[in-house]
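Breakdown of the fold
Here's the letter readout for the chains.
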Protein chains: 2
Amino acid sequence: MENKRTDCEAINIDIVEKVRPKMPEMNLLYELSDFFKVMGDGTRIQLLWALEESEMCVGDLAVLLNMTKSAVSHQLKVLRVAKLVRAEKKGKNVYYSLNDHHVKLILEKALEHVSE
Amino acid sequence: MENKRTDCEAINIDIVEKVRPKMPEMNLLYELSDFFKVMGDGTRIQLLWALEESEMCVGDLAVLLNMTKSAVSHQLKVLRVAKLVRAEKKGKNVYYSLNDHHVKLILEKALEHVSE
DNA sequence: ACAATAGTTGAATAATTGTTCAATTGTGGT
DNA sequence: ACCACAATTGAACAATTATTCAACTATTGT
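These remarks concern the structure in this document. (Residues numbered from 1 in each chain as written. Chains lettered and ligands numbered in written order. Predicted model: local features only at pLDDT ≥ 70, side-chain atom pairs only at ≥ 80, totals over all residues. Heavy atoms only, no water.)

1. Some details on the sheet that holds strand 2 (residues 85–90) of chain A
All names here are of chain A. The condition that has to hold: Only when DSSP finds a minimum of two bridges between them are two strands counted as paired. For helices the rule is a DSSP run of H or I covering at least 4 residues; for strands it is a run of E covering at least 2, with both sets numbered from the N terminus onward.
Across the sheet, three strands lie side by side as 1-3-2; this open sheet has antiparallel pairing. Two strands bound the open sheet, and with one partner strand each, they are strand 1 (56–57) and strand 2. Here strand 1 runs beside strand 3 (residues 93–98); their pairing, made up of two bridges, is antiparallel. By the bridge assignment, Cys 57 is partnered in strand 3 with Tyr 95.

Have a look at this one:
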(Lines give C-alpha, C1' and ligand atoms only; values in the text may rest on other atoms or scores of the structure.)
Protein backbone atom coordinates (compact mmCIF):
# COMPACT_ATOMS: atom_id res chain seq x y z
CA MET A 1 0.00 0.00 0.00
CA GLU A 2 3.07 2.20 0.07
CA ASN A 3 4.57 1.53 -3.33
CA LYS A 4 1.85 3.07 -5.45
CA ARG A 5 2.50 6.06 -7.64
CA THR A 6 0.56 9.01 -8.89
CA ASP A 7 0.35 9.58 -12.59
CA CYS A 8 -0.35 13.30 -12.32
CA GLU A 9 0.54 16.63 -10.75
CA ALA A 10 -1.59 18.41 -8.17
CA ILE A 11 -4.07 20.90 -9.52
CA ASN A 12 -4.58 22.76 -6.26
CA ILE A 13 -1.37 22.23 -4.32
CA ASP A 14 -2.63 24.51 -1.56
CA ILE A 15 -5.60 22.24 -0.86
CA VAL A 16 -3.52 19.07 -1.03
CA GLU A 17 -0.96 20.46 1.41
CA LYS A 18 -3.64 21.81 3.71
CA VAL A 19 -5.32 18.40 3.91
CA ARG A 20 -2.17 16.26 4.02
CA PRO A 21 -1.26 16.87 7.69
CA LYS A 22 -4.80 15.92 8.71
CA MET A 23 -4.57 12.47 7.15
CA PRO A 24 -4.49 9.46 9.49
CA GLU A 25 -1.33 7.47 10.26
CA MET A 26 -0.82 4.26 8.31
CA ASN A 27 -1.31 2.38 11.53
CA LEU A 28 -4.64 3.89 12.42
CA LEU A 29 -5.76 3.55 8.85
CA TYR A 30 -5.23 -0.21 8.87
CA GLU A 31 -6.99 -0.61 12.20
CA LEU A 32 -9.97 1.37 10.97
CA SER A 33 -10.38 -0.45 7.69
CA ASP A 34 -9.79 -3.82 9.35
CA PHE A 35 -12.54 -3.03 11.81
CA PHE A 36 -14.99 -2.20 9.04
CA LYS A 37 -13.90 -5.27 7.08
CA VAL A 38 -14.93 -7.40 10.04
CA MET A 39 -18.32 -5.68 10.13
CA GLY A 40 -18.71 -5.99 6.37
CA ASP A 41 -20.17 -9.47 6.26
CA GLY A 42 -23.80 -10.50 6.59
CA THR A 43 -23.09 -13.56 8.70
CA ARG A 44 -20.99 -11.64 11.20
CA ILE A 45 -23.57 -8.85 11.44
CA GLN A 46 -26.18 -11.46 12.26
CA LEU A 47 -23.95 -13.00 14.90
CA LEU A 48 -23.34 -9.64 16.57
CA TRP A 49 -27.01 -8.77 16.32
CA ALA A 50 -28.01 -12.03 17.97
CA LEU A 51 -25.42 -11.71 20.71
CA GLU A 52 -26.73 -8.25 21.44
CA GLU A 53 -29.92 -9.97 22.58
CA SER A 54 -28.43 -12.84 24.52
CA GLU A 55 -25.25 -14.79 25.01
CA MET A 56 -25.48 -17.97 22.94
CA CYS A 57 -23.56 -21.14 22.17
CA VAL A 58 -22.29 -22.12 18.74
CA GLY A 59 -24.94 -24.77 18.04
CA ASP A 60 -27.80 -22.39 18.83
CA LEU A 61 -26.28 -19.69 16.66
CA ALA A 62 -25.98 -22.23 13.85
CA VAL A 63 -29.67 -23.12 14.16
CA LEU A 64 -30.69 -19.46 14.35
CA LEU A 65 -28.71 -18.51 11.24
CA ASN A 66 -29.44 -21.80 9.49
CA MET A 67 -25.77 -22.55 8.94
CA THR A 68 -23.33 -25.29 9.80
CA LYS A 69 -21.51 -25.19 13.11
CA SER A 70 -18.24 -25.06 11.19
CA ALA A 71 -19.16 -21.96 9.20
CA VAL A 72 -20.40 -20.22 12.34
CA SER A 73 -17.31 -21.19 14.27
CA HIS A 74 -15.04 -19.80 11.57
CA GLN A 75 -16.83 -16.45 11.66
CA LEU A 76 -16.91 -16.36 15.45
CA LYS A 77 -13.16 -16.75 15.35
CA VAL A 78 -12.88 -13.67 13.15
CA LEU A 79 -15.01 -11.75 15.65
CA ARG A 80 -12.95 -13.12 18.53
CA VAL A 81 -9.64 -12.10 16.96
CA ALA A 82 -11.12 -8.64 16.40
CA LYS A 83 -12.01 -8.59 20.11
CA LEU A 84 -15.68 -7.98 19.32
CA VAL A 85 -16.91 -11.10 21.11
CA ARG A 86 -15.56 -13.32 23.81
CA ALA A 87 -15.97 -17.05 24.42
CA GLU A 88 -16.62 -18.87 27.66
CA LYS A 89 -16.65 -22.64 27.92
CA LYS A 90 -19.47 -24.07 30.01
CA GLY A 91 -19.37 -27.85 30.05
CA LYS A 92 -19.65 -29.18 26.53
CA ASN A 93 -20.72 -25.84 25.12
CA VAL A 94 -18.94 -22.61 24.31
CA TYR A 95 -21.00 -19.51 24.98
CA TYR A 96 -20.25 -16.33 23.11
CA SER A 97 -21.13 -12.80 24.16
CA LEU A 98 -20.42 -9.25 23.01
CA ASN A 99 -17.13 -7.87 24.19
CA ASP A 100 -17.30 -4.31 23.01
CA HIS A 101 -19.70 -1.55 23.87
CA HIS A 102 -18.91 0.45 20.75
CA VAL A 103 -20.34 -2.17 18.41
CA LYS A 104 -23.93 -1.52 19.45
CA LEU A 105 -23.51 2.24 18.97
CA ILE A 106 -21.89 1.81 15.58
CA LEU A 107 -24.57 -0.61 14.42
CA GLU A 108 -27.23 1.89 15.49
CA LYS A 109 -25.56 4.75 13.59
CA ALA A 110 -25.16 2.57 10.53
CA LEU A 111 -28.80 1.60 10.85
CA GLU A 112 -29.81 5.25 10.83
CA HIS A 113 -27.74 5.68 7.72
CA VAL A 114 -29.10 2.80 5.64
CA SER A 115 -32.72 3.45 6.63
CA GLU A 116 -33.02 7.09 5.67
CA MET B 1 -27.44 -16.83 1.56
CA GLU B 2 -30.76 -18.57 2.01
CA ASN B 3 -29.94 -22.11 0.97
CA LYS B 4 -27.60 -22.99 3.79
CA ARG B 5 -28.41 -25.69 6.29
CA THR B 6 -27.70 -26.40 9.89
CA ASP B 7 -26.02 -29.62 10.81
CA CYS B 8 -27.38 -29.70 14.36
CA GLU B 9 -30.36 -29.28 16.67
CA ALA B 10 -30.82 -26.34 19.03
CA ILE B 11 -29.50 -26.80 22.53
CA ASN B 12 -31.55 -24.03 24.10
CA ILE B 13 -34.63 -23.72 21.90
CA ASP B 14 -36.07 -21.11 24.23
CA ILE B 15 -33.15 -18.76 23.66
CA VAL B 16 -33.14 -19.33 19.90
CA GLU B 17 -36.87 -18.63 19.65
CA LYS B 18 -36.60 -15.60 21.90
CA VAL B 19 -33.86 -14.09 19.75
CA ARG B 20 -35.27 -15.09 16.36
CA PRO B 21 -38.00 -12.41 16.10
CA LYS B 22 -35.43 -9.73 16.91
CA MET B 23 -33.24 -10.62 13.95
CA PRO B 24 -33.02 -8.10 11.08
CA GLU B 25 -34.82 -8.55 7.77
CA MET B 26 -32.77 -9.97 4.88
CA ASN B 27 -33.11 -6.61 3.21
CA LEU B 28 -31.76 -4.55 6.06
CA LEU B 29 -29.04 -7.09 6.63
CA TYR B 30 -27.69 -6.68 3.10
CA GLU B 31 -27.81 -2.91 3.33
CA LEU B 32 -25.92 -2.94 6.61
CA SER B 33 -23.18 -5.30 5.51
CA ASP B 34 -22.87 -3.56 2.15
CA PHE B 35 -22.38 -0.27 3.95
CA PHE B 36 -19.62 -1.70 6.11
CA LYS B 37 -18.04 -3.37 3.08
CA VAL B 38 -17.74 0.04 1.47
CA MET B 39 -16.06 1.39 4.60
CA GLY B 40 -13.80 -1.65 4.84
CA ASP B 41 -11.05 -0.46 2.55
CA GLY B 42 -8.05 1.70 3.37
CA THR B 43 -8.20 3.71 0.18
CA ARG B 44 -11.86 4.57 0.62
CA ILE B 45 -11.35 5.52 4.28
CA GLN B 46 -8.61 7.89 3.19
CA LEU B 47 -10.82 9.40 0.52
CA LEU B 48 -13.64 10.00 3.01
CA TRP B 49 -11.18 11.35 5.55
CA ALA B 50 -9.75 13.79 3.04
CA LEU B 51 -13.16 14.92 1.82
CA GLU B 52 -14.13 15.60 5.40
CA GLU B 53 -11.51 18.36 5.34
CA SER B 54 -12.23 19.82 1.94
CA GLU B 55 -13.93 19.10 -1.33
CA MET B 56 -11.29 17.94 -3.80
CA CYS B 57 -10.89 16.91 -7.40
CA VAL B 58 -9.74 13.49 -8.56
CA GLY B 59 -6.22 14.53 -9.53
CA ASP B 60 -5.56 16.17 -6.16
CA LEU B 61 -6.87 13.14 -4.33
CA ALA B 62 -4.56 10.96 -6.44
CA VAL B 63 -1.56 13.11 -5.48
CA LEU B 64 -2.58 13.14 -1.82
CA LEU B 65 -2.95 9.34 -1.65
CA ASN B 66 -0.06 8.71 -4.02
CA MET B 67 -2.16 6.65 -6.37
CA THR B 68 -3.13 6.72 -10.01
CA LYS B 69 -6.14 8.73 -11.09
CA SER B 70 -7.68 5.53 -12.37
CA ALA B 71 -7.48 3.73 -9.04
CA VAL B 72 -8.89 6.75 -7.23
CA SER B 73 -11.67 7.15 -9.76
CA HIS B 74 -12.67 3.51 -9.38
CA GLN B 75 -12.94 3.87 -5.61
CA LEU B 76 -14.77 7.19 -5.84
CA LYS B 77 -17.31 5.42 -7.99
CA VAL B 78 -17.89 2.86 -5.24
CA LEU B 79 -18.40 5.70 -2.77
CA ARG B 80 -20.68 7.48 -5.21
CA VAL B 81 -22.85 4.42 -5.79
CA ALA B 82 -23.09 4.03 -2.01
CA LYS B 83 -24.24 7.67 -1.87
CA LEU B 84 -21.42 8.58 0.51
CA VAL B 85 -19.94 11.22 -1.77
CA ARG B 86 -21.23 13.32 -4.61
CA ALA B 87 -19.49 14.65 -7.70
CA GLU B 88 -19.74 18.07 -9.27
CA LYS B 89 -18.12 18.96 -12.55
CA LYS B 90 -16.36 22.34 -12.62
CA GLY B 91 -14.74 22.95 -15.96
CA LYS B 92 -12.21 20.26 -16.70
CA ASN B 93 -12.25 18.92 -13.14
CA VAL B 94 -14.69 16.86 -11.12
CA TYR B 95 -14.92 17.90 -7.48
CA TYR B 96 -16.03 15.39 -4.89
CA SER B 97 -17.51 16.11 -1.48
CA LEU B 98 -19.12 14.20 1.36
CA ASN B 99 -22.78 13.47 0.87
CA ASP B 100 -23.71 11.89 4.17
CA HIS B 101 -23.62 13.29 7.66
CA HIS B 102 -23.60 9.86 9.28
CA VAL B 103 -20.20 8.93 7.89
CA LYS B 104 -18.36 11.38 10.11
CA LEU B 105 -20.16 10.12 13.21
CA ILE B 106 -19.54 6.49 12.36
CA LEU B 107 -15.86 7.16 11.65
CA GLU B 108 -15.57 8.88 15.02
CA LYS B 109 -17.20 5.98 16.88
CA ALA B 110 -14.99 3.49 15.05
CA LEU B 111 -12.01 5.63 15.93
CA GLU B 112 -12.94 5.46 19.61
CA HIS B 113 -13.16 1.71 19.25
CA VAL B 114 -9.81 1.03 17.59
CA SER B 115 -7.90 3.47 19.77
CA GLU B 116 -8.87 2.16 23.18
C1' DA C 1 -13.44 -47.07 29.08
C1' DC C 2 -16.60 -46.04 25.41
C1' DA C 3 -19.97 -43.78 22.64
C1' DA C 4 -22.15 -39.44 21.65
C1' DT C 5 -22.07 -34.62 21.27
C1' DA C 6 -20.03 -29.64 20.81
C1' DG C 7 -16.79 -27.17 18.86
C1' DT C 8 -12.42 -26.18 16.36
C1' DT C 9 -9.30 -26.48 12.58
C1' DG C 10 -6.94 -26.72 7.92
C1' DA C 11 -7.20 -27.45 3.12
C1' DA C 12 -9.83 -26.81 -1.00
C1' DT C 13 -12.98 -24.31 -3.79
C1' DA C 14 -15.64 -20.55 -5.57
C1' DA C 15 -16.61 -15.85 -5.48
C1' DT C 16 -15.44 -11.21 -4.71
C1' DT C 17 -12.51 -7.34 -5.03
C1' DG C 18 -8.53 -3.62 -5.65
C1' DT C 19 -5.20 -2.07 -8.82
C1' DT C 20 -3.11 -1.76 -13.31
C1' DC C 21 -3.20 -0.96 -18.10
C1' DA C 22 -5.01 0.75 -22.32
C1' DA C 23 -8.53 2.93 -24.57
C1' DT C 24 -12.09 6.47 -24.46
C1' DT C 25 -14.92 10.67 -23.31
C1' DG C 26 -15.29 15.39 -22.57
C1' DT C 27 -13.62 20.03 -21.58
C1' DG C 28 -10.67 24.27 -22.13
C1' DG C 29 -7.12 26.84 -24.55
C1' DT C 30 -4.95 28.30 -28.72
C1' DA D 1 -10.35 22.33 -35.62
C1' DC D 2 -6.91 20.65 -32.87
C1' DC D 3 -4.05 19.51 -28.85
C1' DA D 4 -3.43 18.79 -23.98
C1' DC D 5 -5.36 17.42 -19.91
C1' DA D 6 -8.95 15.45 -16.38
C1' DA D 7 -11.54 11.77 -15.54
C1' DT D 8 -14.00 7.50 -16.55
C1' DT D 9 -14.35 2.81 -18.12
C1' DG D 10 -13.71 -2.27 -18.97
C1' DA D 11 -10.83 -6.19 -19.08
C1' DA D 12 -7.21 -8.69 -16.87
C1' DC D 13 -4.69 -10.13 -12.97
C1' DA D 14 -3.56 -11.01 -8.21
C1' DA D 15 -5.07 -11.23 -3.70
C1' DT D 16 -8.42 -11.96 -0.27
C1' DT D 17 -12.20 -14.37 1.71
C1' DA D 18 -16.65 -17.22 3.01
C1' DT D 19 -18.27 -21.76 3.03
C1' DT D 20 -17.79 -26.71 2.66
C1' DC D 21 -15.81 -30.97 3.90
C1' DA D 22 -13.29 -34.13 6.66
C1' DA D 23 -10.52 -34.86 10.44
C1' DC D 24 -9.64 -33.86 15.05
C1' DT D 25 -10.07 -32.36 20.23
C1' DA D 26 -12.49 -32.21 24.42
C1' DT D 27 -16.26 -33.04 27.39
C1' DT D 28 -20.45 -35.53 29.27
C1' DG D 29 -23.13 -39.58 30.39
C1' DT D 30 -23.41 -44.38 30.94
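2. Quick notes on the sheet that holds strand 1 (residues 56–57) of chain B
Residues and elements named next belong to chain B. For the record, the criterion: Between two residues, a contact is recorded if the distance between any of their heavy atoms is within 4.5 Å. Inter-axis angles, ranging from 0 to 180 degrees, are taken between N-to-C directions of lines fitted to C-alpha atoms, where helices are fitted over the stretch in contact.
Pairing is antiparallel in the open sheet, where three strands are placed in the order 1-3-2. Among the strands making up the open sheet, the edge pair consists of strand 1 and strand 2 (85–90). Where strand 2 and strand 3 (residues 93–98) come together, six bridges link them in antiparallel fashion. The residue bridging Lys 89 from the neighbouring strand is Val 94, located in strand 3. Packing against the sheet, helix 3 (residues 42–53) makes contact with strand 1, strand 2 and strand 3, and its axis sits at approximately 90 degrees to strand 3.

3. A closer look at the protein's contact with DNA strand C
Heads up, the rule is: Near is defined per residue: the residue qualifies when any heavy atom it owns lies within 4 Å of the molecule or strand. As used in this structure description, the phrase polar contact means that two N or O atoms lie within 3.5 Å; if the pair is within protein, one of them must be able to donate a hydrogen and the other to accept it, and residues adjacent in sequence are counted only when both atoms belong to side chains. Ten residue types, Ala, Val, Leu, Ile, Met, Phe, Trp, Tyr, Cys and Pro, are classed as nonpolar, four, Asp, Glu, Lys and Arg, as charged, and the remainder, Gly among them, as polar.
Neighbouring residues of DNA strand C: 26 residues in total, closest A:Gly59, A:Ser70, A:Ser73, A:Tyr96 and B:Ser70. A:Lys77 is positioned such that a nitrogen or oxygen atom in its side chain is 3.4 Å from a phosphate oxygen of DNA strand C. Note that a phosphate oxygen of DNA strand C is positioned 2.9 Å from one of the side-chain N or O atoms of B:Thr43. Those elements giving two or more residues to the surface near DNA strand C turn out to be helix 4 (58–65), helix 5 (69–81) and strand 3 of chain A together with helix 3 and helix 5 (69–81) of chain B. Here the surface near DNA strand C is composed, by residue class, of seven nonpolar, 11 polar and eight charged.

4. With respect to the environment of A:Val19
Defined as follows: For each residue, the accessible area found with a 1.4 Å probe, counting protein chains only, is set against the maximum for its type, and the residue is called buried under 20%, exposed over 50%, and partly exposed in between.
Inspection of the secondary structure assignment puts A:Val19 in helix 1 (residues 13–19). You can call A:Val19 buried: its relative accessible area is 0%. Taking the C-alpha atoms as reference, A:Val19 lies 39 Å from A:Arg86; in sequence the two are 67 residues apart. If we skip the residues at most four places from it in the chain, A:Val19 touches B:Ala50, B:Glu53, B:Ser54, B:Met56 and B:Leu64.

5. Some thoughts on the interface of chain B and chain A
Here is the rule we go by: Within this document, salt bridges are pairs made up of a side-chain nitrogen of Lys or Arg and a carboxyl oxygen of Asp or Glu, the two lying within 4 Å of each other.
Listed as interface residues are 67 residues of chain B and, on the opposing side, 67 residues of chain A. Counting across the chain B and chain A interface gives two salt bridges. With a shortest N-O distance of 3.9 Å, A:Lys22 and B:Glu53 are connected by a salt bridge. Elements with a contribution of two residues or more to the side of chain B that touches chain A: helix 1 (13–19), helix 2 (26–39), helix 3, strand 1, helix 4 (58–65), strand 3 and helix 6 (101–114) of chain B. At 11 residues, the largest contribution of residues to the side of chain B that touches chain A is made by helix 6 of chain B. Residues belonging to the side of chain B that touches chain A are distributed by class as follows: 33 nonpolar, 15 polar and 19 charged.

6. Quick word on helix 5 of chain A
All names here are of chain A. To keep things clear, this is the line we draw: In this analysis, the expected span of each helix is defined as 1.5 Å times one less than the number of residues it contains. Taken from the helix axis, the directions to the C-beta atoms give the arc we talk about.
Compared with an ideal rise of 1.5 Å per residue, which puts 13 residues at 18 Å, helix 5 spans 18 Å between its outermost C-alpha atoms and is within 8% of the ideal. Where helix 5 is concerned, the buried positions are Val 72, Gln 75, Leu 76 and Leu 79. Down the axis of helix 5, the sector holding all buried residues measures 105 degrees, keeping them to one side. Seen from the buried face of helix 5, the exposed residues on the opposite side, beyond 90 degrees, are His 74 and Val 81. Residues of helix 5 that are buried in the fold lie against helix 2 (26–39), helix 3 (42–53), helix 4, strand 2 and strand 3. Immediately beyond the C-terminal end of helix 5, within one or two residues, lies Lys 83, with a positive phi of roughly 65 degrees.

7. With respect to the packing of helix 3 of chain B against helix 6 of chain B
All names here are of chain B. Short version of the rule: Take the far helix as the reference: if the near one is turned anticlockwise from it by less than a right angle, the crossing is left-handed, and if turned clockwise, right-handed.
Relative to each other, helix 3 and helix 6 sit at 115 degrees, their axes nearing to 11 Å. Considering only the axes of helix 3 and helix 6, their crossing is left-handed. Together, Ile 45, Leu 48, Trp 49 and Glu 52 of helix 3 and Val 103, Lys 104, Leu 107 and Leu 111 of helix 6 make up the contact between the two elements. Residue classes in the contact of helix 3 with helix 6 are distributed as six nonpolar, no polar and two charged.

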